[in-house]
Amino acid sequence: MQSKHFINGQWTTPATTNTFATINPATEEVIAQIPAGNSDDINLAVEAARDAFDNGPWPKLSGAERAVYLQKMADIINRRLTELSKLEVLDNGKPYPEAEWDIEDTAGCFEYYANLAKELDNSSESSVELPEPRFTSKAIKEPVGVAGAIIPWNFPMLMAAWKVAPALAAGCTMVLKPSEITPLTAIALGEVAEEAGLPAGVLNIVTGLGQDAGQPLAQHPDVDKMAFTGSVPTGGKIMEMAAKQIKNISLELGGKSPLVIFEDADIEEAVEWIMFGIFWNQGQVCSATSRVLVAESLYPKLLECLISEAKKITIGEGNSDGVLLGPLVNKTQYEKVLAAIAKGAAEGAKIATGGKRAASFGKGYYIEPTVLTDMSEDSWIWQEEIFGPVVCVKPFKDEADAVRMANDSRFGLAAAVMSKDEQRCERVARAFRAGIVWVNCSQPTFVEAPWGGYKQSGIGRELGQWGLNNYLETKQITTFKSDEPWGWYIK
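Trainee: Hey, could you run me through the overall build of the protein chain in this one?
Mentor: A count of helical and extended segments in the protein chain gives 15 helices and 22 strands. Taken along its principal axes, the extent of the C-alpha atoms in the protein chain is 85 × 55 × 40 Å. Buried residues in the protein chain amount to 57% of all 491 residues. Sequence separation of 24 or more characterises 72% of the internal contacts of the protein chain that already satisfy a separation of 6 or more. Counting only carbon and sulfur atoms, one obtains 50% of the accessible surface of the protein chain, whose full area is about 20500 Å². Where the 45 positive side-chain charges of the protein chain centre and where its 64 negative ones centre are 4 Å apart.

Dropping the structure here:
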């Protein structure tokens, strides 16, 4: 494992000898000591990215030529699938099947944007019709420049791909700062870029703490665009720093996503989607199904079924067979989630099941699958993101009540509705104030579809064509095409 930063196509000795530990959340043991980058490392990385964009070949290559590199990266990731999946489990704690799915999606993301890069060759220029025949005009799409990316710890390599792949496809160069909690597969991404022969300076990776490396990256004057996924408070700080330079930004922040279940929904199917939505990745998902609203007539039976099934979930180390719920990512998150459950109970919420450390584990950050009920609509536990295996369940009276409750949130990332009535599903889906809506399911994510939220859940969209557009600027070129003078000054 590399103990250096990946800068300008080389593994570069850090500016200082400072390191931080990355911890296996299943055992609480140190996996490795990782370089703690600072502003000097960030400056070096940005300088490399700036030179690669301003003077290097990357932005001048055709989309098809850039696609070759992206496809090579996809192929290398697929070849290293098992190794990278195990590394993700070791660093993040999630069950191996989930990690393998993530790494497959990572490769798929690079392949998808390789194909979009090819399409840019035919779609990056379009003519503009003008009312004045003496002029012609066209609009062209160009890469925005040097992009900075700060990614979270819940889907470490996949979240890197969501930013790196479209940025490179567009012709940008990038400096990536992974989460200090889960840096290992981001370091491996540098190895992938190196093996793929990516030109020097196109992708640079600096590990470090947020205040020492993330902040210098976000406020660096030579970074043209910042992309961030993480918490609302940190996103607000990045937005504030970007505002001082009028910097292009995209933010994917928190959520408190509702799932509305009507009385005609199948209980077993609804419970399966609830569990997938809140216990996948230990509930450490920005779009997690953390608020479940159930029609009053269905509420008692559905709650009984949910509690029964939650108690059956196999908890354990992510590389063990049959495990569906691993440890939370670190001690800090573990303590935050337990504190959130305690706060909810103090406010009057009932712990229907779970709510404490999982039994039989001497070490590791394990929390039982937790179902809370009877909280008030204005309670902290109902309104705020917990980011753990904790779901809040409440009954609703009718459709209008359900929509009101679902939209009563400062977040607007995702929402879902379940009913056999297609017209009602369409009506409710359109009424949700959320950027992502699922009908008769919850949480399936596809690289082809836009991802992002309303309100405090963020700015902009990732994935699909929308993700590529994050890293493109539009330029107008208008030409005077007449043999006669314009006539404003010449008489």
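Trainee: Is there a simple way to think about the nonpolar core in this case?
Mentor: Nonpolar side chains in soluble globular proteins generally cluster together in the buried interior. Core analysis: the biggest nonpolar cluster contains 103 residues, and Phe 110, Tyr 113, Leu 189 and Ile 261 have the highest contact counts within it. Residues within four places of Phe 110 in sequence aside, it is in contact with Leu 70, Met 73, Ala 74, Ile 77, Ala 161, Val 164, Ala 165 and Leu 189.

Trainee: Please explain the pattern of salt bridges as it appears in this structure.
Mentor: Counted by the stated rule, this structure contains 20 salt bridges. Where Glu 125 meets Lys 138, a salt bridge forms, and the shortest distance between an N and an O atom there is 3.8 Å. Separated by 13 residues along the polypeptide, Glu 125 in strand E5 (residues 125-128) and Lys 138 in strand E6 (residues 135-143) bring together distant segments of the chain. One salt bridge in this structure joins Glu 142 and Lys 475, with 3.1 Å as the shortest N-O distance.

Trainee: Help me understand the packing of helix H2 (residues 63-79) against helix H6 (residues 184-196), please; the structure alone is not making it clear to me.
Mentor: In contact at an axis separation of 9 Å, H2 and H6 are set at 125 degrees when each is read in the N-to-C sense. Classified by the angle between their axes, H2 and H6 sit oblique to one another. Seen along the crossing, H2 lies across H6 with a hand that is right-handed. Across the interface between the two elements, Tyr 69, Lys 72, Met 73, Ile 76, Ile 77 and Arg 79 of H2 pack against Leu 189, Val 192, Ala 193, Glu 195 and Ala 196 of H6. Partitioned by chemical class, the residues of the contact of H2 with H6 number eight nonpolar, no polar and three charged.

Trainee: What is the right way to look at the environment of Leu 189 in this model?
Mentor: Secondary-structure assignment places Leu 189 in helix H6. A C-alpha to C-alpha distance of 36 Å links Leu 189 and Asn 440, two positions 251 residues apart in sequence. Discounting chain neighbours no more than four positions away, the residues touching Leu 189 are Met 73, Ile 77, Phe 110, Met 157, Ala 160, Val 164, Leu 176, Leu 203 and Ile 205.

Trainee: Please clarify how a negative patch on the surface should be interpreted in this entry.
Mentor: A cluster of like negative charges, contributed by Asp 266, Glu 268, Glu 269 and Glu 272, occupies part of the molecular surface. Following the sequence through the fold, Glu 269 ends up in helix H9 (residues 267-279). The exposure class of Glu 269 is partly exposed, given its relative accessible area of 47%.

Trainee: Explain the environment of Ile 249 here, please?
Mentor: Following the sequence through the fold, Ile 249 ends up in strand E11 (residues 248-252). On the basis of relative accessible area, Ile 249 is assigned to the buried category, the value being 18%. As a C-alpha pair, Ile 249 and Gly 460 span 211 residues in sequence and 8.1 Å in three-dimensional space.

Trainee: Would you explain the side chain of Glu 252 in this entry?
Mentor: Here Glu 252 is to be found in strand E11. It is Lys 163 that comes nearest to the buried, bridge-free Glu 252 among opposite-charge side chains, at 6.3 Å. When sequence neighbours within four positions are dropped, the list of residues in contact with Glu 252 reads Phe 228, Thr 229, Gly 230, Cys 286, Leu 413, Trp 451, Ser 457 and Glu 462.

Trainee: Can you walk me through a nonpolar patch on the surface in this structure?
Mentor: On the surface, Phe 480, Trp 486, Trp 488 and Tyr 489 cluster together into a nonpolar patch covering about 600 Å² of accessible area. For Phe 480, a relative accessible area of 33% translates into the label partly exposed.

Trainee: I keep staring at helix H8 (residues 232-245) and nothing clicks. Help me out?
Mentor: Three or four residues apart is the spacing at which side chains of an α-helix point the same way, because the helix has 3.6 residues per turn. Along its 14 residues, H8 runs 20 Å from first to last C-alpha, staying within 8% of the 20 Å computed at 1.5 Å per residue. Looking only at H8, the buried set comprises Val 232, Gly 235, Ile 238, Met 241 and Ala 242. Where the residues of H8 are buried, they touch strand E7 (146-150), helix H7 (210-218), strand E10 (225-229), E11 and strand E17 (411-412). Positive backbone phi, approximately 50 degrees, marks Ile 246, located one or two places after H8.

Cut-offs and rules
Residues numbered from 1 in each chain as written. Predicted model: local features only at pLDDT ≥ 70, side-chain atom pairs only at ≥ 80, totals over all residues. Heavy atoms only, no water. Helix = DSSP H or I, 4+ residues; strand = E, 2+ residues; numbered from the N terminus. Buried < 20%, exposed > 50% of the residue type's maximum accessible area, 1.4 Å probe, protein only. Contact = heavy atoms within 4.5 Å. Areas by Shrake-Rupley, 256 points an atom, 1.4 Å probe, with all protein chains shown as cover. Lys, Arg positive; Asp, Glu negative; His and termini not counted. Charge placed at Lys NZ, Arg CZ, Asp CG, Glu CD. Core = buried A, V, L, I, M, F, W, Y, C linked by side-chain atoms within 4.5 Å. Salt bridge = Lys/Arg side-chain N within 4 Å of Asp/Glu carboxyl O. Axes fitted to C-alpha atoms, helices over the stretch in contact; angles between N-to-C directions. Parallel < 35°, antiparallel > 145°, perpendicular 65-115°, else oblique. Left-handed = near helix turned anticlockwise from the far one by under 90°. Nonpolar A, V, L, I, M, F, W, Y, C, P; charged D, E, K, R; others polar. Patch = residues over 30% accessible without salt bridge, like charges linked within 9 Å, V, L, I, M, F, W, Y side chains within 5 Å. Expected span 1.5 Å × (residues − 1).

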